[in-house]
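Commentary on secondary and tertiary structure
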Amino acid sequence: MPSDEAMMGEAMRIAEAMLFAAPEPLEESEIARRMPEGLAVGEVLARLKQDYAARGVNLVRVGKKWLFRTASDLGWLLSIDTVEPKKLSKAALETLAIIAYHQPVTRAEIEDIRGVAISKGTLDVLLETGWIRLRGRRRTPGRPLTYGTSEAFLLHFGLEAIGDLPGLEELKGAGMFEGVLPSGFAVPQPRDDAALMEDEDPLESDAQEEFIEVVIEETEASSEPAHADDDRDVPEADE
């Protein structure tokens, strides 16, 4: 019978081959199906991640998926042509932060937290980036759509899980808060569970079409006096 260390080595080779050949990040469960019996896939991937820690490519986890990525300190060597990214507006960044920390959240709840109406195009721009997604419908009158972050959000910001977002103390240390905070002030513990919450219903097949109709209505009404915040999103200026 092969030794435990030999089995571990073979399992690491299998996982390595699967990850290199995969066109996209792989779920742990998918890798586990190819593992030798008696070995935990988490331990195998942890060992493989350690082996690649000092190499030109690193093994990283995003959510429940794994992928190889160029070491962060070597990325500049592979840059040939660069595209200057267009920045999101302040309103879009605030909206994204609210969705990340308060998900699942509705448009009305976002506006309540920000204290101003969401300008036309803001949610549309964030959906186009792929950083947010339609989750479901809130079980309240009108059954509004709920929003949450996506796997692309984790990939772009280099997060293993949504819980890795900075907490209150980290935000204070980064200078995000000035002066004395109100008593009882706290930063929510973010969560992005794939399963719907108790107060959410699944999306119908026409949910995306409904969202597009809302965007069209907002665009047609753009000639009317604006009551949203002055920092409105201009679609051609946002990515």
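Presented here is a report on the structure given in the accompanying data block. (Residues numbered from 1 in each chain as written. Predicted model: local features only at pLDDT ≥ 70, side-chain atom pairs only at ≥ 80, totals over all residues. Heavy atoms only, no water.)

What follows concerns the pairing of strand β6 (residues 145-149). The element β6 is largely enclosed, with a buried count of five among its five residues. In β6, alternate side chains face the same way, and those of Leu-145, Tyr-147 and Thr-149 on one face and Thr-146 and Gly-148 on the other are all buried. Bridge count for strand β4 (residues 105-106) against β6 is two bridges, and the pairing is antiparallel. Residue Thr-106 lies in a different strand from β6, and its bridge partner there is Thr-146. In terms of strand pairing, strand β5 (residues 132-138) meets β6 through five bridges, oriented antiparallel. Bridge pairing in β6 links Gly-136 to Thr-146. (Buried < 20%, exposed > 50% of the residue type's maximum accessible area, 1.4 Å probe, protein only. Helix = DSSP H or I, 4+ residues; strand = E, 2+ residues; numbered from the N terminus. Pairing = 2+ DSSP bridges.)

The omega angle of the peptide bond from Gln-103 to Pro-104 is -5 degrees, so this bond is cis rather than trans. As for its placement among the helices and strands, Pro-104 is situated in the loop between α4 (90-102) and β4. Of note in the backbone geometry, Arg-143 takes a positive phi value of approximately 40 degrees without being a glycine. Along the chain, Arg-143 turns up in the loop between β5 and β6. For Arg-143, a relative accessible area of 31% gives the class partly exposed.

Let us now look at the sheet that holds strand β3 (residues 65-70). Strand order in the open sheet formed by three strands is β1-β3-β2, with antiparallel pairing between adjacent strands. Edge positions in the sheet fall to β1 (26-27) and β2 (57-62), since each of these pairs with one other strand and no more. The strands touched by helix α1 (residues 4-21) within the sheet are β1, β2 and β3, with β3 carrying the most contacts at an inclination of about 70 degrees. (Contact = heavy atoms within 4.5 Å. Axes fitted to C-alpha atoms, helices over the stretch in contact; angles between N-to-C directions.)

What follows is about the sheet that holds strand β7 (residues 200-201). The four strands lie next to each other as β4-β6-β5-β7, forming an open sheet whose pairing is antiparallel. Two strands lie at the open edges of the sheet, namely β4 and β7, each paired on one side alone. Along the sheet, α4 makes contact with β4, β5 and β6, crossing β6 at roughly 90 degrees.

On their own, these measurements won't tell you what the molecule is for.
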